Amino acid sequence: MNIPVLSIITFFPLAGAILLIFIHKDRKELIRFFTLGVVLITFLVSLTLYFSFNAQTSDPQFVEKGAWIGYGINYHIGIDGISLFLVLLTTFLMPIIILSSWTYIQKRVKEYLIFMLILETGIIGVFVSLNLFLFYVFWEAMLIPMYFLIGVWGGRRRIYATIKYVLFTMFGSLLMLVAIFVLYSIFYKATGTYSFNIFDYYKIILNPQVQVWLFLAFALAFAIKVPMFPFHTWLPDAHVEAPTAGSVILAAVLLKMGAYGFLRFAIPLFPDALEKFLPVLLILCLIGIIYGGLMALIQKDVKSLVAYSSVSHMGLIMLAVFALNVEAVEGAIYQMLSHGLSTGALFLCVGVLYERAHTRLIKDYGGVSKQMPVFSAFFLIFMLSSIGLPGLNGFVGEVLCIFGVFKTSKILAILGVTTVILSAAYLLWMFQRVMQGPIENEKIFSFKDLNKREIIYFVPIVIMMFWMGIYPKPFLRKMDASVIHLINQVKKKEAVFTRVQKEENIPSVVDIKKIGDKETNKKKDANKEKEEEVK
Amino acid sequence: MTDIFWLIPFIPAMSTLILAIFGQKLPKKYISFQACFAVFASFIISVISLVGLLQTSHESYPLVKNLFSWIHAGSFKADLSFQLDPLSAVMALVVTGVGFLIHVYSVGYMANDKSYSRYFTYLNLFTFAMLILVMSSNVVLMFVGWEGVGLCSYLLIGFWFEKHSAANAGKKAFIVNRIGDAAFIIGIFFILIYVGSGEFTAINSAISGGAITQGVATLIAVLLFVGATGKSAQIPLYVWLPDAMEGPTPVSALIHAATMVTAGVYMVSRMNLLYTLSVDAAQVVAVVGAVTAIYAATMALTQNDIKRVLAYSTISQIGYMFIGCGVGAYAAGMFHLYTHAFFKSLLFLAAGSVMHALSGELDMRKMGGLRKYLPLTYPTFLIGAIAISGIPFLSGFFSKDAILTHAFASGQYFVWALGILGAVLTAFYMFRLIFLTFHGKERMTPEVKKHIHEPPPAMTVPLVILAFFSIVAGFIGLPVVFGKNLNWFGHFLEPVIKKSHEAHLTLGTEWLLIIISVAVALIGILIAYIFYIKKPQIPHSLVARFPFIYKLLYNKYYVDEIYNATFVNPTIKGSELIYDKFDLKVIDGAVNGTASSASFFGKILSYFQTGLIKDYALIFLLGAILFIAYLLF
């Protein structure tokens, strides 16, 4: 019997959350250790995914299928070389996040950790779902714990921020829901079977006109999540108000869902629409890179600075995603992991500072390095990783992204490379104002350097940063097959469609019914459908 | 024996790692030992490698050691792979040799610093990064070293980060360098696309095989050179180097004089086939070098800060190296890099020992007459000054002469003339510095004067060794006038560097050129002597007579201010404006507007929700009437 590893990883945190309900809320230490144990076990189990992952195939692995509601709504999960690392990133960061909120969260510890565990299940669920309906359920379910994490444990304007965050995301995802159902009905009409299976959808070729609308709905949901310019304004608010752990998880993992959504759904399902909107999307990405960098430059709050830096970095990732060649997409995935580590770590640093001074304003700091040399060293490494210094993780992802973009469009790459300058400018300037210079704020004299717990959760991140910077092979090789498959899939579909369009001379407005599965239904079937339609 | 050369960068890396993790807990003595020993070990291996290299036939150059595949995705391939050939051997020797002396000097100089272990961690890290830069066998790995030395530069300039000025200078250096690096990386991408590989051997064979057109070569060469103007502090990206003097003086000697800043020259020499193919790019290199050489020299004329004079001098001397590269005399450029490493680090270290003696004083106006207090520092400083001025037969004379002769021979008379003019200025500002510091009236405060002392042996021994090399280093590259085959240095580099078009000058012309350049150097010294020893009132009257020029030079042509006004401030002000007016008002305004209009309409609708049955009945009635009306008409 096969052990359902993926289901265990997905639902173990949820099970932990349920058990947590039965522990008395005053036994805070027990609750914390219990949660830590749950996420650690989840992480350890998830490592088996990496080791038994077959890098040779692009097919989904660890697949589990089961009937659920019916009408195509099935429990269907699995991972490929793209989602593998996003799952690992999540499980890797979770223990770190729990450790980081050990003393930071004092009120309602139990509820806080319950939400954290539910969140983990939601996130992993999003990455492993192969059934569009299931995907949507996780996608939305994940919002709930996030809503509470910001809304209950957040800062002064937490209510505003959390509602803004949820409404923004809901707005996008509702349109996506509509699109999912349209897709569902198209598929049913074309084939006569109910399915939310993503692989079934991959096989059909949609009329470009229909693709446009569906793509827009999907793209909007994902673009908000990324967030791409101009849908980014929820991000600084959410980051600033969220507790440290919330910011970390938001930046490190939740943003990646948008990019992942494009890679998994929007791009392979609607390649022609992508083609059509590509110029707009590329320009938005480019604006995001430069705009995010410029905005980061002048932020007064460390957290919103890092938030805008995310807008800039995610802009580069999306630019690479849309460049759609092997270098760019592998770079984009690599950069997602990288950005998850470095930006997550930067938020952890802000959290460390906040816990000591209870302010996030840059001007309240200065000269902290002198008081906290060990922290300063970590902060420096994280910052350099974010800047993309060679030898650390950021460089590998960034250079592959820009190179991939360069292959597609030289001018975009040349404009996008400004991120290299901007990121150095805003981060170094922030570092200078916060960590260097003379100590002017009396409070800083009382700062204690990192304690053991803080060092424990910083060290694994540093190790990963060096590993990913010096020896990226173990990561890149596992992605190869899936990424190449994805690109071929898109290219082939585009080619097939143009061929079909030429042969059959399909007019620009086509009835939905005409769209069938071109790979299985041959030309005859298409003709038959036409006849039926005439009748 | 030569296959151990990859250990050269590896040893300082290990040392860095140990110091970074355990440095806080280790005793100072051990830290000094380990840090110095690591560099020394690398030096020994470099020497062994050089010997091995000399015994290997030219055909097998370069020796390559591929450790593992580093980044590999699609057509992007970069390995962690090192190479040994004459060029990298020379660089490795300079970096580890001079680097070792400066490490030893630092033991004395930094003895009382609180952050002793941090200092040596950074210094070892720098050595590692610099060795990666010069020994990598592909351009992507070279970029790792390129950025790595930039990082160390940032860390060491801002070593005393409690000072605003130091923190600022470090940040400025990094960001300015990044501007160059952005261009550099685009250049790398072009190489990867057109050559299909970043390996230097592949690049060279692509160029010799004609796979690269002249247009592409120019594009790549210029992009890479923009990177070089950042790292090697040339116009227009030189602005960070003078500020970099905020760092500890040994750092200025190692990074901002002897090694890192010359990385651009190394890079251009490494890519010499590319610059030979692209005549335009070579011309750009030569002109930028020449203009920088003279421009920086003029700024050195009026500075009062002893280290800043040396900083401008470094910018100017690197300009000379680029002249060499630009006129096709790469070996001459490299030769100047090599001699400059000795005399300029000597000058910096000697300046450091002056500072050490004067409790950290940098202002030459508060020095004077130090000659008798510092009997060891003075002669070494003087040797450095003579060497840089180009007085026979010290090292600087041979290398500078080689560059200028080649410039003349290649028909670039304008470049040559700028070089000669620069030589006058060089001799002048160096001896101005000597006279102001070591001769004339003693202008120290009595308090400072009491403490003047020669530094400990850890500092003086490196000075003496460097002085020795500043004198003799040039003898391995004698010009043609002294005999046919005495340019051993150029000969050694020949396998890597395409033979520069041999100077087709008659011996008579060569002699004439040498005499001119020696004469101008002497003139420069003479003027300095008149200005600062004989008639010290002359400089003052000149300042009074030409206040505008003096102010312009003293304020470094206001370039910092111009850059701030044109790039830095508009970026920040513009971003603030966009943030306030666009991000918050327009985008977020639209978001909040949507939300508030929704609640506005919600409110209006809520008026209908009165809870009174008669109101609902009324609405129902109205609706029914409307509906019937619709049906009827």
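This text goes with the structure placed above it.
Structural notes, computed from the coordinates.

Of the residues lining the interface, 60 residues belong to chain A; the matching set on chain B comes to 45 residues. Here chain A packs against chain B, burying approximately 4,700 Å² in sum over the two surfaces, 73% of which is carbon and sulfur. It is Ile298(A), Phe403(A) and Leu428(A) in chain A that bury the most area against chain B; as a group they hold 12% of the surface buried on that side. Joining chain A to chain B, the criterion identifies two salt bridges. Notably, a salt bridge pairs Glu162(B) with Lys370(A), separated by 3.5 Å at the nearest N-O pair. Between chain A and chain B we count 18 residue pairs in polar contact (both at pLDDT 80 or more) in total. Sorting elements by how many residues they give to the side of chain A that touches chain B places helix H19 (residues 418-435) of chain A first, with ten residues.

With that out of the way, let us pick up the layout of surface pockets. Its volume calculated, the second largest pocket comes out at about 1,100 Å³. Where the lining of the second largest pocket is concerned, the elements lending two or more residues are helix H12 (271-297) and H19 of chain A together with helix H6 (164-195) and helix H25 (559-608) of chain B. Counting residues per element, the lining of the second largest pocket draws most heavily on H6(B), which supplies eight residues. For the lining of the second largest pocket, a count of residues per class yields 18 nonpolar, six polar and seven charged.

A few words on the pairing of strand E2 (residues 76-84) of chain B. Most of E2(B) is tucked away, with seven of its nine residues classed as buried. Between strand E1 (residues 63-73) of chain B and E2(B), which pair antiparallel one after the other, the connecting turn spans two residues, and Gly74(B) there sits at a positive phi close to 55°.

This paragraph deals with the pattern of salt bridges. Residues and elements named next belong to chain B. Scanning the entire structure with this criterion turns up 24 salt bridges over all chains. We note a salt bridge from Lys114 to Glu162, for which the minimum N-O separation is 3.9 Å. Taken together, the residues span a long stretch of sequence, with Lys114 in the loop between helix H3 (86-109) and helix H4 (116-135) and Glu162 in the loop between helix H5 (139-157) and H6 at a distance of 48 residues. Given a relative accessible area of 68%, Lys114 falls into the exposed group.

Here we come to the environment of Leu412(A). One can find Leu412(A) in helix H18 (residues 410-416). Separated by 130 residues in sequence, Leu412(A) and Leu282(A) place their C-alpha atoms 8.2 Å apart.

Let us now look at the pairing of strand E1 (residues 61-70) of chain A. Residues and elements named next belong to chain A. Of the pairings in the sheet, the one linking E1 to strand E2 (residues 73-79) comprises six bridges and is antiparallel in character. The residue bridging Glu64 from the neighbouring strand is Ile77, located in E2. Remark: two residues form the turn of the hairpin made by E1 and E2, two consecutive strands paired antiparallel; Tyr71 in that turn has positive phi of roughly 50°.

A few words now on a nonpolar patch on the surface. On the surface, a cluster of nonpolar side chains totalling about 710 Å² of accessible area is made up of Phe393(B), Phe475(B), Val480(B), Phe482(B), Leu486(B), Leu507(B), Trp511(B) and Ile515(B). Along the chain, Ile515(B) turns up in helix H22 (residues 507-534).

Reading the values: rules and limits
- Residues numbered from 1 in each chain as written.
- Chains lettered and ligands numbered in written order.
- Predicted model: local features only at pLDDT ≥ 70, side-chain atom pairs only at ≥ 80, totals over all residues.
- Heavy atoms only, no water.
- Contact = heavy atoms within 4.5 Å.
- Buried area = accessible area lost by both parts, 1.4 Å probe.
- Salt bridge = Lys/Arg side-chain N within 4 Å of Asp/Glu carboxyl O.
- Polar contact = N/O pair within 3.5 Å; in protein donor to acceptor, adjacent residues only side chain to side chain.
- Helix = DSSP H or I, 4+ residues; strand = E, 2+ residues; numbered from the N terminus.
- 1 Å grid on protein atoms, 1.4 Å probe; cavity = no way out; pocket = protein on both sides within 12 Å on 5 of 7 lines; lining within 4 Å.
- Points joined across faces, edges and corners; volume = space filled by probe spheres on them.
- Nonpolar A, V, L, I, M, F, W, Y, C, P; charged D, E, K, R; others polar.
- Buried < 20%, exposed > 50% of the residue type's maximum accessible area, 1.4 Å probe, protein only.
- Pairing = 2+ DSSP bridges.
- Patch = residues over 30% accessible without salt bridge, like charges linked within 9 Å, V, L, I, M, F, W, Y side chains within 5 Å.
- Areas by Shrake-Rupley, 256 points an atom, 1.4 Å probe, with all protein chains shown as cover.

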